[in-house]
Amino acid sequence: MAETDYRNGPTRRAVLEGGVATGVLLATSIPAYAEPAGAVSAAASAAPAPTMPMTLRINAKDLSVELDPRTTLLDALRNHLGLTGSKKGCDHGQCGACTVLVDGRRINSCLTLAAMHEGDEITTVEGLAVGDRLHPVQAAFVARDGFQCGYCTPGQICSAVGMLGEARAGWPSHASADVAAASVALTDAEIRERMSGNICRCAAYPNIVAAIRDAAEGA
Amino acid sequence: MQSFTYERAASAEQAAAAVAAQPDAKFISGGTNLLDLMKLEIERPAHLVDISRLPLDRIEETAAGGLRVGAQVRNSDLAADPRVRSRYPMLTQALLAGASGQIRNKASTSGNLLQRTRCPYFYDRNMPCNKREQGSGCAALQGFNRTHAVLGASEACIAVHPSDMAVAMAGLDARIETISPGGETRTIPIGDLHRLPEATPHVETVLGHGEMIAAVTLPPPPPGRQVYRKVRDRASYAFALVSVAAIVEKSGDRIRSARIAMGGVAARPWRATEAERTLAGAVASDGAFTDAAEAALAGAVGHGGNDFKIPLAKRTMRHTLAAAVESA
Amino acid sequence: MTETKTSGNRSRETRIGVIGRPIDRIDGPLKVRGDATYAYETTLEGTAFGYILGAAVAKGRIAEIDTGEAERAPAVLLVMTHRNAPAQPDFGPAVTPTVPEVFTRARPALNSERVRYYDEPVALVVAETFEAARAAAGLIKVRYDEEPGLYDLPAHVADAYAPKRTNAGFETDSVIGDFESAFAAAPVKVDATYRTPFEHHNPMEPHATLAAWSGNELTIHTSAQTLANFRAGVASTLRIPPERVRIVSPFIGGGFGSKLIAHADTILAALAAQVLQRPVKIALTRQQMFANAGHRAEMIQQVRLSTDTDGRLTGIAHDVWSATSSFEEYCEQTAVFARSLYAAPNRVTRHRLIPLDINRGEWMRSPGEAPGMLAFECAMDELAERLGLDPIELRIRNEPVQDPERGVPFSTRNLVACMEEGARRFGWERRNPTPGRAREGRKLIGYGMAAAIRPNYIGAATARVAIDRDGRVTARLDMTDIGTGSYTILTQIAAESLGLPISSIKVELGDSRFPRTAGSGGSWGAASAGSALHNACNALKQRILEAAASSEASPLRGAGATDASFADGEVRLGQRSTSLADLIRRIAPDGFEAEGSVAAGAATQSYKAYSQHSYGAHFAEVAVDCDTGEIRMRRMLAVMGAGRILNAKTARSQIIGGMTWGIGAALMEQTVLDPRYGHFVNHDLAEYHVPTNGDVPEMEVVFLEEHDDKANPLGAKGLGELGVCGAGAAVANAIYNATGVRVREFPITLDKLLPALPVIAI
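Residues numbered from 1 in each chain as written. Chains lettered and ligands numbered in written order. Predicted model: local features only at pLDDT ≥ 70, side-chain atom pairs only at ≥ 80, totals over all residues. Heavy atoms only, no water.

If you look chain B up in an unreviewed UniProt entry, it shows as Aldehyde dehydrogenase, FAD-binding subunit from Mesorhizobium escarrei.

Chain A is annotated in an unreviewed UniProt entry as Aldehyde dehydrogenase, Fe-S subunit from Mesorhizobium escarrei.

Next up, the structure:
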């Protein structure tokens, strides 16, 4: 009953055991109570949060920024570098909307810190097209209607570009009957499995598979 | 996510020393689990030591005929390595059954071993969880525990270890090499790396603070066919309800030896030694597989929502053994 | 018959008959390049970042809240709680008397020390950066006086009450004949109770808002399906006239019904922006969306069917007990479709609610049909087996000649044709009627089917269309494109009506300054906004023709004819024709503008005189692992009779999306409400499973040729939800056919199948 950190539910549960909560008082008084109701408490000490300088190479450009060390690569792109093509769908690596390519490999940009990527070659969806010419995967997504709302689409496309490279390198997948086989036949089942880290709630999946099949065959 | 300071480690020794120097320091490698937990303030390190660029990213032959896998080898590189694919196919299968292509490209070998449970009460700071906050209770015990442990659990915690890779490695008798702040190294059998919860579920491994995994050594591949079978709620991108890694060596009609590990059933990859003993010397038959599965789950205890895991694990083991024998 | 196996060919921009063509999405290039700007991505100078802290208990009051440490944290600009939030109206009564008020009522946030549901906002932190705001939210200490709450639907069924109406204004109950007597006397019957779980929309784009004030004018960049309703809700919460609120929502990352009303991100961004006199941006986290952005409620459904020995239904009863919120009623119209689907002389449908201490349910894709048909169409399958009849034959024998409860004719109804065409294409005759008999190796194979029905709604809508001196057309309406293809089909409608190429048409959506429509929801968007635009184009043509006939500068002056046409960029009047652009330049250098409207369907004579629905038939093949019980889809087919198809490509996409929602509902989607704590336990995308690419098989979609001239001038009906309706039941029926195990508690996960799956010898 002596625990006072009410941010932590477990502690609260411990306090509340036995039924309805009783008004257990905090050990410390809370000065904030002195404020009149309705007052605007714009914080007095808006000291800046500590930042660190870093240079990120994104879409073949070196970009120097000062960022809070806590900034994920995704938030650096979206909130600081004006590259909002990469999407935040879950912020926990559970949806794939934030997928970017780092040194040609697809990763979830939400689950990595920007500071960890100094010196890497980062490619976002904005870096795939050449001028007005769409990347073949982008063009195939349009032609096959591989999206509806479009929010997961940049992640799907970056993921597909990375995935095609993995398949070309002969990497097996969970759908491969023989993981020791030297090469991969990119069947629909292979594409589905390899693209399962990108959730599409509109569920354009069959069209995404068709688009990637087209792009793979055209490549 | 509370504030932390960040540094890139220059060497393994320096990394270990840097973490050891601060009680709230942590290693960060792939970050795919640590950052996930930091965003929810389940992990609150004050200092991060980035070990992802240490030269621990090679897979090398050992003198004994096995492989030494650097701790920073990414899951996808380990799965795709031709030597792993041909000699340890079960390990490749397990890796490819886990997470997504993106996560495997980032997640490291050591991070995979040290990832924390996916128990939804562990993941919600408002809920009791002895693993997250010692002494606060276990909400899963009487709660939604469909995904929880049936073996080796305690009244304090019924969470499972979510790794697929570690299950295959357990079946392969992998050994974990670590380096400590003073530069000393030690080797830990994978079966000894993770601790069962008992009364202290917040202490998950035998590693000391600042002790860093440097490599995982795979002994030479044991004789016999390797199969990894994962059972999950959707076709992909889901944690195991139950998984079975099996290596069965046959001699004529009989099984000479078997190695079996299970995932999704305990706080660590679960080596089914009783089942292995049952099979050794037995005629390879449905009956022997069934007996082995019964032996493996003999001590299993359900908690309501996860009762089904006991028959599921038995059925999965039975047909996985059959598959290993069939293709042997 | 239009078959739409995906064609990747870019269709020629043929001017005549452009409606229906599978043209690529107009907004496609923007979306694949990452250039489409969603709510959180709008940037304004000086924008601050907000982060919401949610309640740690599900019911009670905030006893103490200590924000001191958060306020002192670096870069923090504001910590808002109920103690200092600007005044807002009270939430109001639990029961919502009328449909409009659901959308327009005030939804205050941080308005009270009361906690009504788990993770309800208790504080907002605004800081210079997202990182600083999130961290400071973690420094707020709150102590709650927790109160016991109700979180367990089955335990409280005895306390159910009958609401005054269901969602969408339907009667709560319907009773025709004497069901109980008919059921008691029937030689063949089914009495089955099904359970459907809490589900969450989970659009990929989390709910997000950027709010900015300019004087007393508020601009909200957000992710909203219906701007007018959204605006009304924001205005009433802030107690300002709606005219002072502008909602901007050009791209929406999915909604599925969860973006029809304003949520805490919008209200709190607006309040904080007002306090700070700076633009403020807030997104709900994925985890916060589970408590704060709607759900489909858990339900218990009892379906009773009785027939004579020939399989003709003598009675239909569909009773629904659903969870609702203790502070705001929402009654999904789960049994309403059963009033129209099959013939039977004796019928009962009833909806009952059990209030729990959770947030309100919201309209989730195919409200009513999605859970209702999941149960009912399984019951039909059970009945067919009991009768020894093929499930399609059973449905054909009970095909009504007119709407069985309203007693009016159908506008169109091609259910039987859909089933028969589907059976032919799917190879239905290969289905073994005895369950559990078809095996391939260690897989049990099953076929299932179900009917689909979804009402046709039309919402009031207005569109404005303008043509300039270069023959360029701009159409404006506050319609939205939530992935449905609104930009594309509206472009096609204008192009066809005005006889201009697609490239001459610009459709601007998603701004509340444009003429009001019903937005996107209930599958009414295309037909409503499309009809309004169609009428606006007609009005524009009329204006052009009137001027062309009378203007001295017009080459068509005095043509005297009445047979006018607009095609190939030309206007033809009788024997004379001229370029449309040239004509406009000559007669109206400033161009023309016109508006067109449609009235809400419910108000029209046609709606009263006809029963208006879309129909379809779903077919599914599944494989069940005989050892583990894992269920995997093999293929699906949908045959749809849904009026005129406006774009065969985007229409097919809508249906396959719906079919996938059927897979989700049948196999995996479920949010678990912890009966002890009142929180949704599995509140993220790792533990709340939606189908992945690997879960979705080959899908075929066929649209039957249909033009519903009773529905609207276009002859089109909604598609966004039809694909869901019955799809899950087809999957469930296939699982039964594969295994002989009938699971009546959704989703059908392997643990429910396993106990009844026999161990098959190796």
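Still more ground to cover, so stick around.
A separate point is the UniProt feature "domain: FAD-binding PCMH-type" (unreviewed entry) in chain B. In the numbering adopted here, UniProt assigns the feature "domain: FAD-binding PCMH-type" (unreviewed entry) to residues 1–223 of chain B. For the annotated span residues 1–223 of chain B, helix accounts for 26% and strand for 16% of the residues, and the straight-line distance between the end C-alpha atoms is 48 Å. (UniProt positions renumbered as here; feature names shortened; annotations may be inferred. Helix = DSSP H or I, 4+ residues; strand = E, 2+ residues; numbered from the N terminus.)

A complete count under the given rule lists 96 salt bridges over all chains for this structure. With its nearest N and O atoms 2.9 Å apart, the salt bridge here joins Arg278 of chain C to Glu128 of chain C. With Arg278 of chain C in the loop between helix H7 (264–276) and strand E13 (280–283) and Glu128 of chain C in the loop between strand E6 (121–127) and helix H4 (130–137), this residue pair connects regions lying 150 residues apart in the sequence. Because the salt bridges share partners, they merge into one network encompassing Asp75, Lys88 and Asp91 of chain A, Lys39 of chain B together with Arg134 of chain C. (Salt bridge = Lys/Arg side-chain N within 4 Å of Asp/Glu carboxyl O.)

Once that is clear, we can look at the interface of chain B and chain C. Across the contact, 38 residues belong to chain B and 41 residues belong to chain C. At the boundary of chain B with chain C, total buried surface from both sides reaches about 3,300 Å², with 54% on carbon and sulfur atoms. By the criterion of area lost to chain C, the three top residues of chain B are Arg234, Arg315 and Arg318 of chain B, representing 21% of everything that side buries. Between the two partners, chain B and chain C, sit 4 salt bridges. The partner of Asp625 of chain C in a salt bridge is Arg229 of chain B, and the shortest N-O contact between them spans 3.0 Å. Here chain B and chain C share 19 residue pairs in polar contact (both at pLDDT 80 or more) between them. Those elements that place two or more of their residues in the side of chain B that touches chain C are strand E9 (225–231), helix H11 (286–296) and helix H12 (309–326) of chain B. The greatest single-element share of the side of chain B that touches chain C, amounting to 6 residues, is contributed by H12 of chain B. (Contact = heavy atoms within 4.5 Å. Buried area = accessible area lost by both parts, 1.4 Å probe. Polar contact = N/O pair within 3.5 Å; in protein donor to acceptor, adjacent residues only side chain to side chain.)

Inspection of every chain in the model, using the stated rule, returns 21 aromatic pairs over all chains. Ring centres of Phe337 of chain C and Phe376 of chain C lie 5.5 Å apart, and the angle between their planes is 90 degrees; this geometry places the pair in the edge-to-face category. One end of the pair, Phe337 of chain C, is in the loop between strand E15 (313–325) and strand E16 (346–356); the other, Phe376 of chain C, is in helix H9 (residues 369–387), and 39 residues separate them in sequence. Take Phe337 of chain C and Phe376 of chain C: they sit in the same class, and that class is buried. Clustering of aromatic rings is evident, with ring pairs tying together Tyr151 of chain A together with Tyr38, Phe251 and Tyr487 of chain C. Sitting over the face of the ring of Phe183 of chain C, Lys189 of chain C holds its NZ or CZ atom 5.0 Å from the ring centroid. Arg413 of chain C extends its terminal NZ or CZ atom over the ring of Phe410 of chain C, reaching a point 4.8 Å from the ring centre. (Phe/Tyr/Trp six-rings, centres within 6.5 Å; stacked < 30°, edge-to-face > 60°. Buried < 20%, exposed > 50% of the residue type's maximum accessible area, 1.4 Å probe, protein only. Lys NZ or Arg CZ within 6 Å of the ring centre and 35° of its normal.)

Looking now at the pairing of strand E26 (residues 613–625) of chain C. All names here are of chain C. Of all 13 residues making up E26, 13 are buried, and the element is well covered by its neighbours. The two faces of E26 match: His613, Tyr615, Ala617, Phe619, Glu621, Ala623 and Asp625 on one face and Ser614, Gly616, His618, Ala620, Val622 and Val624 on the other face are all buried. Where strand E18 (residues 443–455) and E26 come together, 13 bridges link them in antiparallel fashion. Across the sheet, the residue bridging to Ala450 is His618, located in E26. (Pairing = 2+ DSSP bridges.)

Residue and element names in this part refer to chain C. Mapped onto the elements, Thr285 comes out in the loop between E13 and helix H8 (286–292). Considered as a pair, Thr285 and Thr226 are 59 residues apart in the sequence and their alpha carbons are 22 Å apart. Only 3.0 Å separates the side chain of Thr285 from the backbone nitrogen of Gln288, close enough to count as a polar contact.

Here we take up the side chain of Ser29 of chain B. Residues and elements named next belong to chain B. Among the secondary structure elements, Ser29 is positioned in the loop between strand E2 (25–28) and helix H2 (34–39). A distance of 2.5 Å separates a polar atom in the side chain of Ser29 from a polar atom in the side chain of Gln72. Of note is the side chain of Ser29, whose polar atom sits 3.0 Å from the side chain of Ser108.

This part takes up the sheet that holds strand E11 (residues 254–263) of chain B. Residue and element names in this part refer to chain B. Across the sheet, 4 strands lie side by side as E9-E10-E11-E12; this open sheet has antiparallel pairing. Both outer strands of the open sheet, E9 and strand E12 (270–271), are each paired with one neighbouring strand and no more. Docked against the sheet, helix H5 (residues 89–97) engages E9 and strand E10 (242–251), running at close to 15 degrees with respect to E9. (Axes fitted to C-alpha atoms, helices over the stretch in contact; angles between N-to-C directions.)

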